[in-house]
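# Working through the structure, step by step
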Amino acid sequence: MKMEATESPELQAESTQCERVGEAMPDIAGYGVLIGLSVQALISLVLSFWVFFLTKLGRLDIQHPEGTPGHASDKKRLGFVSEILMIGNDLQMITGVALIITALSNVKEIDLYHLHLVYDTVSFVGISNAAALICWTFMNVKTPKRKYHKVVPAYWTGRFRISYAFAILFLAFTIFLEIRLDKWSLTSEELGNCYVTTGISTPEASHPFTDKLYVAITAVWLLLVMFGALFASAKFGKPLLILSFLQFPVHLYMMIRLRSENQDSLENGENENEWDFGQTTATLLLGIAVGQLIHQGVQYLKFEQGIKKYGPEYALAQEEEPLNTGTPSIVEQGIRGIREVAKMNMSNTRLERGQAEQEEESHELMRTPERRA
């Protein structure tokens, strides 16, 4: 009886720890993917706060009448800042959408640990996108609307449509994760029905209730901030920006702690640090974003130095760019490219048809004298 009394606590202790976390998935949990998305989100948040303070200081106001050198200077400065603000945002949105689709397409194979990790990782994308759109709204308020936006509202442009698509996919992924957490089991013989919770919850916490509560609160938090960034007026920009920024350390801590505690519990001691296509791609996209930031930052500093040295007339010598349209997103550029190719194909087809018709007419003219003879 004493033996049984001493063994039962050990068995109970063992049953409170997840042992069958799942198999390694470097494309989702590799250092390259996690660092790439989190660092891009941090860059976007820092740039958003920079633009916010520039706006509050009046540096982005168009204060001069149209047609004057001062007006050209204000427009040029606003164009530089808008390009810097959206650096890496489109690439990050596409990467986030691809990561969600990858997770949803592997619903039968993916485990709870990797689902939770993907959730925290793609949350970085929503956070940074919301912050960028908040500052984008600030700048739109200060600029006159173009004719294009009189027909098509500003909230239905290509960049906003990508945000809508991400929000819908994120909501679907959150619902799927909540449903999947209902299958939580520490004693299941199947892989992937639990994960190590050390550091992300208290030892007395009830699972999966605590996990579902965390996902529900943070998901509603993020979606409300994104909704506000897309549709709220500029006067709500400051609280929305603060709410967006406060989510970053929450998801960063959860991502780091969740990965570090579960790495040693993967099947057969597999390693998720091996570099493959997914990690390499995420790292390259981060490098592109950093390169664009450096390039645009240097151009902006040169512009400000030129304004100080030569005055507002310096802006007139620069190439004028359309205002309030921003840099076209990658998706928009792709659509434009497809349209250009389609136009070229149509023109080539018409040219070929015209040549064929001319040849037929020439043959008919040649045959006509023969028939008359």
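### Topic: the overall build of the protein
Across its full length, the protein carries 13 helices and zero strands. When the elements of the protein are put in sequence order from the N terminus, they spell out α-α-α-α-α-α-α-α-α-α-α-α-α. Sequence-distant contacts, at least 24 apart, represent 85% of the contacts inside the protein between residues at least 6 apart. Put simply, the protein shows about 20700 Å² of open surface, and 61% of that area lies on carbon and sulfur atoms.

### A closer look at helix α4 (residues 69-85)
Taking 1.5 Å per residue, 17 residues should reach 24 Å; α4 reaches 24 Å between its end C-alpha atoms and fits that length. Counted residue by residue, α4 has 15 buried out of 17 residues, so it is predominantly covered.

### So, the packing of helix α3 (residues 31-56) against helix α5 (residues 89-105)
With their axes 11 Å apart at the nearest point, α3 and α5 run at an angle of 140° to one another. By the angle class used here, α3 and α5 are oblique. Between α3 and α5 lies a crossing whose hand is left-handed. On α5, the residues touching Val-33, Leu-37, Gln-40 and Ala-41 of α3 are Gln-92, Thr-95 and Leu-99. Partitioned by chemical class, the residues of the contact of α3 with α5 number four nonpolar, three polar and no charged.

### Here we look at the packing of aromatic side chains
Under the defined criterion, the tally for this structure stands at 10 aromatic pairs. Summarising the aromatic geometry, the rings of Phe-52 and Phe-53 are spaced 5.7 Å apart at their centres and angled 75° between planes, so their arrangement reads as edge-to-face. Overall, Phe-52 belongs to the buried group, its relative accessible area being 6%. Among the aromatic residues, those joined into a cluster by ring pairs are Tyr-119, Phe-166, Phe-170 and Tyr-214. Cation over ring: Arg-259 sits above Tyr-31, and NZ or CZ is 4.2 Å from the ring centre.

### Looking at the confidence of the model for the protein
Per-chain confidence: the protein averages 79 in pLDDT, with 74% of residues scoring 70 or above. Between the elements of the protein, mean pLDDT differs from a low of 43, seen in helix α1 (residues 2-15), to a high of 94, seen in helix α9 (residues 209-231). Across residues 1-14, where pLDDT falls below 50, the model places one contact with residues more than four positions away in sequence or in other chains. For residues 148-152, every residue scores under 50 in pLDDT, and the model assigns this stretch five contacts once sequence neighbours within four places are set aside.

### Focus on the side chain of Glu-267
In this fold, Glu-267 is placed in the loop between α10 (237-262) and α11 (277-310). In this structure, Glu-267 is in contact with Glu-19, Arg-20, Gly-22, Glu-23 and Leu-191, ignoring residues within four places of it in sequence.

### Considerations on unusual backbone geometry
For the peptide bond that leads from His-207 to Pro-208, omega is 10°, which places it in the cis range. Among the structural elements, Pro-208 can be located in the loop between α8 (158-181) and α9.

### What about the pattern of salt bridges?
For the structure shown, the criterion picks out three salt bridges. Asp-182 is the salt-bridge partner of Lys-212, the closest N and O atoms lying 2.7 Å from each other. Taken as a pair, Lys-212 in helix α9 and Asp-182 in the loop between α8 and α9 lie far apart in primary sequence, 30 residues in all. In this structure, the salt-bridge partner of Glu-261 is Arg-257, at a minimum N-O distance of 3.1 Å. A residue pair is termed a helical-turn pair when its members lie 3 or 4 positions apart in one helix, as Glu-261 and Arg-257 do in helix α10 at four residues.

### A few points about the state of the cysteines
Considering all chains together, one arrives at one disulfide under this definition. Disulfide pairing is shown between Cys-18 and Cys-194; the S-S distance is 2.0 Å. Across the S-S bond of Cys-18 and Cys-194 the torsion is about 75°, and the bridge reads as right-handed. With a gap of 176 residues between them, Cys-18 in the loop between α1 and α2 (26-29) and Cys-194 in the loop between α8 and α9 connect regions that are remote in the sequence. For the residue pair Cys-18 and Cys-194, the accessibility class agrees, reading buried in each case.

About the thresholds
Residues numbered from 1 in each chain as written. Predicted model: local features only at pLDDT ≥ 70, side-chain atom pairs only at ≥ 80, totals over all residues. Heavy atoms only, no water. Helix = DSSP H or I, 4+ residues; strand = E, 2+ residues; numbered from the N terminus. Contact = heavy atoms within 4.5 Å. Areas by Shrake-Rupley, 256 points an atom, 1.4 Å probe, with all protein chains shown as cover. Expected span 1.5 Å × (residues − 1). Buried < 20%, exposed > 50% of the residue type's maximum accessible area, 1.4 Å probe, protein only. Axes fitted to C-alpha atoms, helices over the stretch in contact; angles between N-to-C directions. Parallel < 35°, antiparallel > 145°, perpendicular 65-115°, else oblique. Left-handed = near helix turned anticlockwise from the far one by under 90°. Nonpolar A, V, L, I, M, F, W, Y, C, P; charged D, E, K, R; others polar. Phe/Tyr/Trp six-rings, centres within 6.5 Å; stacked < 30°, edge-to-face > 60°. Lys NZ or Arg CZ within 6 Å of the ring centre and 35° of its normal. pLDDT = per-residue confidence, 0-100. Salt bridge = Lys/Arg side-chain N within 4 Å of Asp/Glu carboxyl O. Disulfide = S-S within 2.5 Å.

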